[in-house]
Amino acid sequence: MARGVLWLCVCVVAVVVSWVSVVVQASATQGAITVENGGYKGVVVAISDSLSDSNCSQYIDSIKAIFQDASSLMYDATGQRVFFNDVTIAVPTSWMCSGESITTDTIDHNWQTAHVRVGPSHALFTDTPWTQQPGGCGDPGDFIYLSHNFVLTYTNTTNPGKTLVHEWAKFRWGAFEEYGHVGDPTYPTVYRSDAVFRPNYCTDVDIPGSCSCSEDCSAEGEEEDCTFTPDLSAANTTITSSLLAAPFIDTVVTFCDQSTHNNATTTKHNVLCDQRSTWEVISQHSDLQGSSGVNMVEVTFKTVRATAPRTTTVFLVEYTKVMGDVLSRWEYLRDSLRQYIKTEAPTTSRAGVVIFNQEFTNNSMLYDLADDDARNALAEYIPHEPSNSGTKNIQPAIEAGVQVLGDTDGSLVLLTANLEAYDATGEDLVGAASGSPVWPILYPSDPDVTTQVFQDLADISTTTSLLTVPNKLDTFNGDQYQSIDNYVLLADSLRQATDSAVSLIASASGTTSSNTQVKLTLNVQNSINYDGGFMIEVLHTSFWGSATGVDGPTEPTTPSTEDTSDIYTFNSIQDGDYEVTVEPTLTGLPVVARAGGVAKAADLVVDVWSSRGLENLKFETGVAPRFFATVETSDGRRVVNASVKAELQGSDGDGNPETVTVVMRDEGVAGDVTGSDGVYTGVLAAYEPGVTVEVSVTANDNNGSARVVGQPLRAPVFPDDGQACCGSQLDLSGLQQDELSSFSVTSSPGIRGRLTGDPPGDFPPGRVTDLRSRISGWTVTLTFTAPGARLDQEKASHYEAVFRTPGEVSSQRNITAQDVGTEVSESMKLPDCDEVYTITVVAVDNNTLRGKDSNPVQEIVSCSYTPPSTPLSGGEIAGIVIGCILGVLLIILIVYLCLNRDHLDDLWVWKVLTCRYCCKTKKDDDRLYNPPPTKSSRRVDVIRKENTRPTSSGHPIRSVVDLYAKPDLKAKHTDRLKKEEQRQQQAEESDDGGFGEHQRRKDMSSRSSLNSSSTLATQPINQVGVPTSQKYNHGYQPSMARDNHGYENTGDAYNTKGYNPNKPPVVPPRVRQAPPRPPPRRNTQILADVFLLAVAKQGAT
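**Q** How should I be thinking about the pattern of salt bridges in this particular structure?
**A** When charged atoms on two side chains of opposite charge get close, those side chains can pair. All told, the structure shown has 33 salt bridges when counted by the stated rule. Where Lys 392 meets Glu 318, a salt bridge forms, and the shortest distance between an N and an O atom there is 3.0 Å. One end of the pair, Lys 392, is in the loop between helix H7 (372-379) and helix H8 (394-405); the other, Glu 318, is in strand E15 (residues 312-318), and 74 residues separate them in sequence. Take Glu 318: its relative accessible area is 2%, and that puts it in the buried class.

What follows is the structure, given as structure tokens:
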């Protein structure tokens, strides 16, 4: 008997916030659209089942009319190159649509994969058509959305065919709108040209209209604050282009080309497509290459019922002798496949089987597995016994599998052994697959045998992988048999290849013994995370007993039995132990049980895709591939402001494993085309072409900032509503935004992408796409989101702001680089006046590699500019009046003090400083004028100018009480009177009649060393300076002999002038006189001077 494996499978519909489903490439696949002789085939239009089926016929008729009008216009606008040829309209399955011929198509058509979708009015854009277009210039969009009102009222709508061509140019050819957006700082409705604002439309003739900022559209203020409104009533008969700018004007029938394109406009197309015209971008698309002058044919329509997305799989089963060489090898393969078809495959799936070896290839039809009869019929198609054929041919089997798939979007699962290298000489296995995805499952496989031929098959699509089951053999009683571990791996591989949602819950194991039942217990927890019925599968070898029953909280139904497996199904699941009982006939064989299930439907769904498909992440010169993700609720509402990151696992240039983390953005910067549209953009600037990467996307609530809104995406101009989408950012302020509880969702593994194109080399820095400007006088302030080196993967070296006048670069300023994603604001002066400057910013890396120029902004300042006068507020006026009054009072006080400084009371300064004037009630109040206490200190009283050595009259200031004590100025007053008397006496004594005798005596005293006690020096003198105590003859002593000149007559000879010729005259030395010391200043005088000096200094500042 064999070891067993237990699987518990649960069908689920409920919601778990912390779990996430991953839907790959939910956007429309443009690969289904082909061009034959200029005619587009395979275009699918789907109608939402949320609309009323009472208007079914009207919807169908309107869609046909719109496509017919658009086809003729497209044919003429593209120079007779392309048109619509074949269009399929898918109506909801439940709609009756009486009177309409509705067929069933083998191809699945539904809302989620349609190229054009008709649904309810959008929450943000109402009835305005729009296109989800997250890629760059030339990249295709995801789908076109038409509201039900737009379709139903197409006869009342201006040029509905032109609107569809407008959207098709964005969806298919990767062009962008050529008009501005109201209030958008990056793509405003006007642009500056000299001293006027012109409408921001790329037309061959300016559209007539009016500006909100001025009657004549003179350039006043900023562009984003000025709104241009087209005048649709004017006779615009001379305007012929562009369909991307003004499809609402009857005479517009062409795209802008090089001769009519206006590269000065600040439209999204000009910025993202490097000022190329729309026709330059469109004409480079492969659809328009070599198809000029084709003959247009009428559009053909087919109406079908929509089908739910479902899985289609064709199993290619090797049926050779090697599959029967070892016991249980063929039985494991046969029974695992039969049980999957009968019990596990979803009811919405389709499947087929191809049995092959070298001698024959036998294939079944494609079965719809909606009922048990179809399941059983397909299961019986697999032979019961192995074949004796020794070899195999794989190419015929692949070709047969493709034939069984037909037009369906399905995959092939190749089940073949790899114990010897397969010789594919003369075979083209990849070509035989015709692009269909192939899952090679190598059962069993020798690890020493090459697998390259099968790896090439797996590489056809990024959604497939090469799966191997190593050849492991066990021995029982001397005989080898395929290990039960291989059975487990084979079952797991089948589930992975068929995208089964079954996952492991619990497992148990045991070993058989003689005549004893084996009981395996599976403990099921958290059953609330699973829903509906479930099943238990027991696996064992082909040569021992089978399971006899299962007991647990719920009862099973009748089991489905095969030679090596038994499956029990249940109608419900509960927490508890489920016990499997096995009756063995042999001993010593292991038994393994596993429980698995499908988690409940997630509340948040992550959708991951790329514009060209994840299998074609293409490098171009200076451009890295982008991929996108959305986070949506189960009812299809978008989550914005989330934090989203992608982790990619691949290999570097040397083949070593390398993991790269990419921040995915929705701010309209760093590769994101439109901010706040709920589409998160990642730029893959790592790895090399040819590398396949595993993609895992994680999103969280961004610290509570994430919100759930409608589906704000992109749309063109639609004149009836007057609302256009989308500029640099979507304004979601008018929408209800619901908070989300804390969440963190991570995609399951299995999403793969393949890098293609040429080796990228060095990537340039990223591009600034949100440059804004504000001007004040001569100063312009530039604001933008910081880009980075290597397409925003690293910090840049610096940024350069370039000022251009028509035809030349005027100046260039450097700006310090910031971290990627932060806001940069830099103010600088315009180079000159009366010049319109076009300003751009470019990032530069450390290798001086420059990025692309930013979106341009324009500014000008007049040479006659004068700063505007700002009226004063009431508070400012009141402050000025109060200040003037206080200033006048202060001036009066200063003048009064200066005029009366010698007549003021000695105590006035002290009274003012201590507020004695305002609080004293009695002049001699002892409570206020208490004398300071006696203190022992050597410090000097700065007020009383007394030595504070302890004396009967010395009182130092040591406290606030001392400071506020009344100074004792009596002794000071007495001293001042004495000094005044002394000065008067000295003045009287110094009065010698003006002869200067006193000064002369002082000089002689110093020369003759006379001391102060000399009699002559102390005797009084008369009015002529002669001492009054002696008798003199004309002022001379009579006792002394004198000549007629008053000189002593000592017998010496004198000349006529009184000089002795024998003796030289005595010349007294000159004595420098110190300047007279100024009289002592009063305390009041010093304080007044200090006060005046402080006032003067304050006035100077």
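Alright, that's what it looks like, and here's the rest.
**Q** What exactly am I supposed to notice about a nonpolar patch on the surface here?
**A** On the surface, Leu 872, Ile 877, Ile 880, Val 881, Ile 882, Ile 885, Leu 886, Val 888, Leu 889 and Ile 892 cluster together into a nonpolar patch covering about 940 Å² of accessible area. The topology assignment puts Leu 889 in helix H13 (residues 874-899).

**Q** What exactly am I supposed to notice about the state of the cysteines here?
**A** Here, the word disulfide means a covalent bond between the sulfur atoms of two cysteines. Within the structure shown, the criterion is met by 5 disulfides. Between Cys 211 and Cys 217 runs a disulfide, and the two sulfur atoms are separated by 1.9 Å. Because the sign of the S-S torsion sets the handedness, a value of about 100° for the bond joining Cys 211 and Cys 217 places this disulfide among the right-handed ones. Residue classification places Cys 217 among the buried residues on the basis of a relative accessible area of 10%. Paired by a disulfide, Cys 213 and Cys 226 hold their sulfur atoms 2.1 Å apart. Between Cys 213 and Cys 226, the S-S torsion sits near -55°, and that sign places the bridge as left-handed. With a gap of 13 residues between them, Cys 213 in the loop between strand E12 (209-211) and strand E13 (228-230) and Cys 226 in the loop between E12 and E13 connect regions that are remote in the sequence. For Cys 226, a relative accessible area of 1% gives the class buried.

**Q** Sorry if this is basic, but what is going on with H7 here?
**A** The periodicity of an α-helix, 3.6 residues per turn, causes residues three or four positions apart to be oriented the same way. Every buried residue of H7 is accounted for by Ala 374, Arg 375, Leu 378 and Ala 379. Along the axis of H7, the buried residues cluster in a sector spanning 130°; they form a single face. Within H7, the exposed residues directed more than 90 degrees away from the buried face are Asp 372 and Asp 373. Buried residues along H7 sit against helix H6 (329-344), strand E16 (350-356) and strand E18 (367-368).

**Q** I'm lost on the sheet that holds strand E50 (residues 837-844) in this one. Help?
**A** The strands that make up a sheet are held in pairs by hydrogen bonds between backbone atoms, and each pair lies either parallel or antiparallel. The 4 strands lie next to each other as E48-E47-E50-E51, forming an open sheet whose pairing is antiparallel. A single partner strand is all that each edge strand has here, and the edge strands are strand E48 (808-816) and strand E51 (857-859). Adjacent strand axes in the sheet meet at a mean angle of 30° when their direction is disregarded. The pairing of strand E47 (residues 798-805) with E48 spans 8 bridges and is antiparallel. Looking at the pairing, Ala 801 lines up with Arg 813 of E48.

**Q** Explain the sheet that holds strand E49 (residues 823-829) to me, please; I cannot follow it from the model alone.
**A** Spatial strand order, E44-E45-E49: 3 strands in an open sheet with antiparallel pairing. The two strands at the open ends of the sheet, each matched to only one other strand, are strand E44 (772-776) and E49. If you compare each strand with its neighbour and ignore which way they point, the axes differ by 20° on average. Taken together, the 5 bridges between E44 and strand E45 (residues 779-785) define a ladder with antiparallel strand orientation. Paired with Arg 772 across the bridge in E45 is Thr 783.

**Q** It is not clear to me how the packing of helix H1 (residues 56-77) against helix H3 (residues 160-173) should be interpreted in this structure. Could you clarify?
**A** Between H1 and H3, whose axes approach to 8 Å, the crossing angle comes to 70°. Regarding the angle of H1 to H3, the classification is roughly perpendicular. As for the relative orientation of H1 and H3, their crossing is right-handed in sense. Residues Ile 66, Phe 67, Asp 69, Ala 70, Leu 73 and Met 74 of H1 form the contact with H3, whose own contacting residues are Pro 160, Gly 161, Lys 162, Leu 164, Val 165, Trp 168 and Trp 173.

**Q** Where do I start with the side chain of Ser 277 in this structure?
**A** Residue position: Ser 277 is located in the loop between helix H4 (268-272) and helix H5 (278-282). If we skip the residues at most four places from it in the chain, Ser 277 touches Cys 256, Asp 257, Gln 258, His 261 and His 269.

**Q** Hey, could you run me through the packing of aromatic side chains in this one?
**A** The geometry of an aromatic ring pair comes down to the distance between the two centres and the angle between the two planes. A complete count under the given rule lists 25 aromatic pairs for this structure. The interplanar angle of 75° and the centroid separation of 6.1 Å between the aromatic rings of Phe 315 and Tyr 340 together place this pair among those described as edge-to-face. Of this pair, Phe 315 sits in strand E15 while Tyr 340 sits in helix H6; the two residues are 25 residues apart in sequence, bridging distant segments of the chain. Phe 315 gets classed as buried once you look at its relative accessible area, which sits at 0%. On the basis of relative accessible area, Tyr 340 is assigned to the buried category, the value being 8%. Clustering of aromatic rings is evident, with ring pairs tying together Tyr 40, Phe 67, Phe 84, Trp 168 and Phe 171.

Conventions adopted
- Residues numbered from 1 in each chain as written.
- Predicted model: local features only at pLDDT ≥ 70, side-chain atom pairs only at ≥ 80, totals over all residues.
- Heavy atoms only, no water.
- Salt bridge = Lys/Arg side-chain N within 4 Å of Asp/Glu carboxyl O.
- Helix = DSSP H or I, 4+ residues; strand = E, 2+ residues; numbered from the N terminus.
- Buried < 20%, exposed > 50% of the residue type's maximum accessible area, 1.4 Å probe, protein only.
- Patch = residues over 30% accessible without salt bridge, like charges linked within 9 Å, V, L, I, M, F, W, Y side chains within 5 Å.
- Areas by Shrake-Rupley, 256 points an atom, 1.4 Å probe, with all protein chains shown as cover.
- Disulfide = S-S within 2.5 Å.
- Arc of directions from axis to C-beta.
- Contact = heavy atoms within 4.5 Å.
- Pairing = 2+ DSSP bridges.
- Axes fitted to C-alpha atoms, helices over the stretch in contact; angles between N-to-C directions.
- Parallel < 35°, antiparallel > 145°, perpendicular 65-115°, else oblique.
- Left-handed = near helix turned anticlockwise from the far one by under 90°.
- Phe/Tyr/Trp six-rings, centres within 6.5 Å; stacked < 30°, edge-to-face > 60°.

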